[in-house]
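# Observations on chain architecture
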Amino acid sequence: QVQLVETGGGLVHPGGSLRLSCAASGSFFSINAMGWYRQAPGKERELVASITSAGSTNYADSVKGRFTISRDNAKNTVYLQMNSLKPEDTAVYYCSANIRTYFGPYDYWGQGTQVTVSS
């Protein structure tokens, strides 16, 4: 059984920084793309950033220049470094990964971690 476990959320003042981590565990062959999504109250879930297995990255316009996605393939972990945080970044952040198991590739999701930016 594959699991994604996120850590690193919390409360931070505007202008502050947080680092989210998401580790994949279980039985699988490989991890393809990984990404971070977020969902604010009353809004749809949106893509924040993604990274391919080769390291190519993609960012939402709203976070470009402030957030950095990276991954450690040896640890099956993806990170999201969030700097210059704004109140509008407040949301539940979800990790996602396309993971190849015996049954084929499938998109897995973490349980979500709350990020609150407030003074």
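For the structure, check the block above.
Here's what I pulled together on the structure shown here. Nothing here was measured: the structure is a model prediction, and the numbers come from that model.

### Some words on the pattern of salt bridges
- Taken as a whole and assessed by the stated rule, the structure comprises four salt bridges.
- Here R38 and E46 are joined by a salt bridge, their closest N and O atoms 2.7 Å apart.
- Overall, the relative accessible area of 6% leaves R38 in the buried class.
- By relative accessible area, which is 35% here, E46 ends up partly exposed.
- The shortest N-O distance in the salt bridge between R38 and D89 comes to 2.9 Å. Residue R38 is found in strand 4 (residues 30–39), and its partner D89 is found in the loop between strand 8 (77–82) and strand 9 (91–101); the two are separated by 51 residues along the sequence. The exposure classification of R38 matches that of D89, with both residues buried.

### Observations regarding the sheet that holds strand 8
- Strand order in this open sheet of four strands is 1-3-8-7, and the pairing throughout is antiparallel. The open sheet terminates on both sides in strands that have one partner only, identified here as strand 1 (3–7) and strand 7 (67–72). The sheet shows a mean angle of 15° between the axes of neighbouring strands, taken without regard to direction.
- Bridge analysis of strand 7 against strand 8 gives six bridges, and the strand direction is antiparallel.

### Some points on the pairing of strand 8
- Most of strand 8 is tucked away, with five of its six residues classed as buried.
- For strand 3 (residues 18–25) and strand 8, the ladder comprises six bridges, and the chain directions are antiparallel. Considered in strand 8, the bridge of S21 is made with Y79.
- Adjacent in sequence and paired antiparallel, strand 7 and strand 8 are bridged by four residues, among which N76 carries a positive phi angle near 55°.

### Thoughts on a nonpolar patch on the surface
- Together, F29, Y102 and F103 line one region of the surface with nonpolar side chains, adding up to about 510 Å² of accessible area.
- Residue position: Y102 is located in the loop between strand 9 and strand 10 (104–109).

### Points about the environment of S21
- Mapped onto the elements of the fold, S21 is located in strand 3.
- Sequence-wise, S21 and S84 are 63 residues apart; in three dimensions their C-alpha atoms are separated by 18 Å.

About the cut-offs
Residues numbered from 1 in each chain as written. Predicted model: local features only at pLDDT ≥ 70, side-chain atom pairs only at ≥ 80, totals over all residues. Heavy atoms only, no water. Salt bridge = Lys/Arg side-chain N within 4 Å of Asp/Glu carboxyl O. Buried < 20%, exposed > 50% of the residue type's maximum accessible area, 1.4 Å probe, protein only. Helix = DSSP H or I, 4+ residues; strand = E, 2+ residues; numbered from the N terminus. Pairing = 2+ DSSP bridges. Axes fitted to C-alpha atoms, helices over the stretch in contact; angles between N-to-C directions. Patch = residues over 30% accessible without salt bridge, like charges linked within 9 Å, V, L, I, M, F, W, Y side chains within 5 Å. Areas by Shrake-Rupley, 256 points an atom, 1.4 Å probe, with all protein chains shown as cover.

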